[in-house]
Amino acid sequence: MKIIKTCLSAMISGILIFSPAYADKWSDQFPHIKATGDISGDCSYEEISKKNYKGKTLKINTHAVPVIGQPTALHAEQFAKLTGATVDVTHTPAGDLYAKAMVPFKAGQSPYDIVFGFSNFINDWRQYLAPVPKKYMNTKEMKDVTKSHVGVSSWDGTMYQYPVDGDRHYLKYRKDVIDNPEMQKKYKADTGKELKVPTTWKEYGEMAKYFNGWDWDGDGEKEYGSAEVMKKDDLMFAAFFSRSVAYAKNPRTPGGFFFDLETMKPNVNNPGFVEALTDWVEATKYVPPGGINFGLGDEIGSFGGGQTLFSFSWDDAFIAAMQDDSPIKNKVGTAPLPGADKVWNRVSGKWDNKYNQAPYIVWGWAVGVAKKSKVQEMAFDYLCFFSNGANHQADLAIGNFGVNPFKNSDFDPNLYIDTMGWDADIAKSYTKTLKDMEKSKNRVFPLRVRGVFEFTSAVATGTSKALAGQLSPQEALDEVAKEWEAIVKRVGKSAVQDDYAVGLKMEDNKLYNNSMWPLLLHGTIPSIPNSITSTFIITTFFYF
């Protein structure tokens, strides 16, 4: 059986992989930043060491280890050593993060000073969170955050979440197979088709099937077609949306990917989404044994450990593959999510037979400071320290840490070439893939409405029935749409509609213009009433 890295071994290898090492007084004490040493900034090791929080306690609720939970704990330990603070970290499974914060929030309590969660919780959480103070908005680190991720950490001109992560879904593939002339020749002879980076989900499926269940890399073990997140309660809804955007995000029909904004009728059971789910059901035939129960950690380990030809989701699986202890380091590549040769037109009620591709700027890890916390300054100092230059660069190199690029400096390929030992062409392709997603005008952002947890749970329940063969794709999505309609009614149509309008403005490219952007960064944009019929300024928010 192929060796898949454990959480502990991945963490240790991630801390020790960097070359060349950079020696300074801080990297000698904290080996996590050996690659760079301390990097100057408002919340560098040097600056944070000047803080004195002895006698004070900081309480944090975060995700289970390793994804985001491990860096939370690591940086908490570092922060405590530097400042004298006591930092208590609680680790909570993904499915419980929402309630762990929301239940006490509603009761007027704040058992935690810092709460980690998913960014599309913002509508339910923001009234209980302290806005990020101006002094942190003006730091060197914050000014390096991309425009889209300043936006996705904010709502209506106010930043409620501190940027620590940036997320997109994209294609990962084995370059040593796809670019191999001998494999290309064999594939052509056997199928009559070209072996290349797939640009449609149909091509993805054809190649994944062909390379499923045989030893195509010569290591004496079977490999498989694709590693995907298919486990019902482990983020599978995001994988489904990644497969759906090609068929259902039509640039010629603005006004709603998830819902029709005017009527709030769910789109989730239209032919575009059904086509995506039909492809996904077929994908159960080319995943590894047990792959239908893969959660995110399994997908990271499977692709990162060399078990599959393809993967798509967050950066983590690709970063795991590029760690020094990976058997496939510098043998993998990145590309945009596959597209489709047709896209559903919900206005005409017909397929547009034109090539379509749409990035999915997926939800990312989000973190905020409780409004009722009595140690807000210490809490914000911790978050600023968490994402400082040295910690951030080190975290990026560890696949299962769950920290992905969200700074402009992250798009410099030399970062990965010089400090992580990446092949230059792979580093350039990786950063280009991410940058091009920032430029796209046909993107989908996370659903960020009140009751979002119910909406995404309904998607997971319905699609899992289709993957298990219990319902047809159409039947499964009809069931999801019916549940969505019930949730809209229960939460309140006007409330969900107003919330959806905010996120939709970003999707439809009606975000801040360049002249207004500095106002957001400095927290001076006036509040503008939400209206689904007028043009207004909005922001959006990110997730894992």
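Residues numbered from 1 in each chain as written. Predicted model: local features only at pLDDT ≥ 70, side-chain atom pairs only at ≥ 80, totals over all residues. Heavy atoms only, no water.

*Asks:* Explain the sheet that holds strand E6 (residues 170-174) here, please?
*Replies:* The pairing of strands in a sheet happens through backbone hydrogen bonds and is either parallel or antiparallel. Spatially, the four strands line up as an open sheet ordered E7-E8-E6-E9, and their pairing is mixed. With one partner strand each, in any of the chains shown, strand E7 (224-227) and strand E9 (332-335) form the two edges of the open sheet. Going from strand to strand, the sheet's axes swing by 20 degrees on average, the running direction of each strand aside. The sheet contacts of helix H15 (residues 296-304) involve E6, E7, strand E8 (308-313) and E9, and relative to E8 the element is tilted by about 140 degrees. Set on the sheet, helix H20 (residues 424-439) makes contact with E6 and E9; between it and E9 the angle comes to about 20 degrees. (Pairing = 2+ DSSP bridges. Helix = DSSP H or I, 4+ residues; strand = E, 2+ residues; numbered from the N terminus. Axes fitted to C-alpha atoms, helices over the stretch in contact; angles between N-to-C directions. Contact = heavy atoms within 4.5 Å.)

*Asks:* Would you take a moment to explain the confidence of the model for the protein for this structure?
*Replies:* Close reading of the predicted structure is inappropriate where its pLDDT is low. The share of residues in the protein with pLDDT of 70 or more is 90%, and the mean pLDDT across the chain is 89. Confidence drops under a pLDDT of 50 for residues 1-20, and excluding neighbours within four residues, the segment shows 48 contacts in the predicted structure. Between residues 512-544, whose pLDDT stays under 50, and residues either more than four places distant or in other chains, the model counts 123 contacts. (pLDDT = per-residue confidence, 0-100.)

*Asks:* Is there a simple way to think about the sheet that holds strand E3 (residues 114-118) in this case?
*Replies:* Across the sheet, four strands lie side by side as E2-E1-E3-E12; this open sheet has mixed pairing. Only two strands of the sheet have a single neighbouring strand rather than two, namely strand E2 (86-92) and strand E12 (365-369). The mean inter-strand angle of the sheet, taken between neighbouring strand axes irrespective of direction, is 20 degrees. Pairing of strand E1 (residues 57-63) with E2, which is carried by seven bridges, proceeds in the parallel orientation. The residue of E2 that forms the bridge with Thr 57 is Thr 86. Across the face of the sheet, helix H4 (residues 69-83) comes into contact with E1, E2 and E3 while running at roughly 175 degrees to E2. Across the sheet, helix H5 (residues 97-106) is in contact with E1, E2, E3 and E12; its angle to E3 comes to roughly 130 degrees.

*Asks:* It is not clear to me how the packing of aromatic side chains should be interpreted in this structure. Could you clarify?
*Replies:* Under the definition given, this model contains 49 aromatic pairs. Ring plane angle 20 degrees and centroid distance 6.1 Å describe the contact between Phe 240 and Trp 280, whose orientation is recorded as stacked. Taken as a pair, Phe 240 in helix H13 (residues 236-248) and Trp 280 in helix H14 (residues 271-283) lie far apart in primary sequence, 40 residues in all. Among the aromatic residues, ring-to-ring pairing joins Phe 30, Tyr 45, Tyr 53, Phe 79, Phe 116, Tyr 382, Phe 385 and Phe 386 into one connected group. A cation sits over an aromatic face here: Lys 172 above Tyr 170, 4.1 Å from the ring centre. Over the ring of Trp 351 we find Lys 342; its NZ or CZ atom is 4.2 Å from the centre of that ring. (Phe/Tyr/Trp six-rings, centres within 6.5 Å; stacked < 30°, edge-to-face > 60°. Lys NZ or Arg CZ within 6 Å of the ring centre and 35° of its normal.)

*Asks:* Any chance you could explain the state of the cysteines here in plain terms?
*Replies:* Defined simply, a disulfide is a covalent bond joining two cysteines at their sulfur atoms. Here the structure, examined in full by the defined rule, presents one disulfide. The disulfide partner of Cys 43 is Cys 384, and the S-S distance across this bridge is 1.9 Å. Its S-S torsion of approximately 95 degrees makes the covalent link between Cys 43 and Cys 384 right-handed. Here Cys 384 lies in helix H17 (residues 376-386) and Cys 43 lies in the loop between helix H2 (25-29) and helix H3 (45-48), a separation of 341 residues in the sequence. Pair check on accessibility: Cys 43 and Cys 384 agree, each one buried. (Disulfide = S-S within 2.5 Å. Buried < 20%, exposed > 50% of the residue type's maximum accessible area, 1.4 Å probe, protein only.)

*Asks:* Mind showing me how you'd approach helix H18 (residues 389-396) here?
*Replies:* Because an α-helix packs 3.6 residues into every turn, residues spaced three or four apart end up facing the same way. In terms of burial, H18 is largely enclosed, as seven of its eight residues are buried. Considered for burial, the residues of H18 that qualify are Gly 389, Ala 390, Asn 391, His 392, Ala 394, Asp 395 and Leu 396. Buried residues along H18 sit in contact with H3, H4, helix H8 (140-143), helix H16 (316-321), H17 and helix H19 (413-420). For H18, the N-terminal capping position is held by Asn 388, with its side-chain oxygen 3.2 Å away from the main-chain nitrogen of Ala 390. (Polar contact = N/O pair within 3.5 Å; in protein donor to acceptor, adjacent residues only side chain to side chain.)

*Asks:* How do you make sense of the side chain of Ser 326 when you look at a structure like this?
*Replies:* Mapped onto the elements, Ser 326 comes out in the loop between H16 and E9. On the accessibility criterion, Ser 326 (8% relative accessible area) is buried. A distance of 3.1 Å separates a polar atom in the side chain of Ser 326 from the backbone nitrogen of Ile 328.

*Asks:* Would you mind showing me how to read the environment of Lys 329 here?
*Replies:* Relative to the elements of secondary structure, Lys 329 occurs in the loop between H16 and E9. Residue class for Lys 329 comes out buried when judged on its relative accessible area of 16%. Between the alpha carbons of Lys 329 and Asp 423 there is a distance of 9.0 Å; along the sequence they are 94 residues apart. If near-sequence neighbours (up to four positions away) are discounted, Lys 329 is found in contact with Ala 321, Met 322, Gln 323, Asp 324, Met 420, Gly 421 and Trp 422. In terms of polar contacts, Lys 329 uses its side chain to reach the side chain of Asp 324, at 2.2 Å.

*Asks:* Got a minute to help me understand the pattern of salt bridges in this structure?
*Replies:* Side chains that carry opposite charge are capable of pairing whenever their charged atoms lie near each other. Across all of its chains, the model carries 28 salt bridges by this definition. The partner of Asp 176 in a salt bridge is Arg 174, with the nearest N and O atoms 2.9 Å apart. Here Asp 217 and Arg 174 are joined by a salt bridge, their closest N and O atoms 3.6 Å apart. Separated by 43 residues along the polypeptide, Asp 217 in the loop between helix H12 (201-210) and E7 and Arg 174 in strand E6 bring together distant segments of the chain. Residue Asp 217 is classed as partly exposed on the basis of its relative accessible area, which comes to 28%. Judged by relative accessible area, which is 1%, Arg 174 ranks as buried. Connected via shared salt-bridge partners are Lys 202, Glu 275, Asp 279 and Lys 342. (Salt bridge = Lys/Arg side-chain N within 4 Å of Asp/Glu carboxyl O.)

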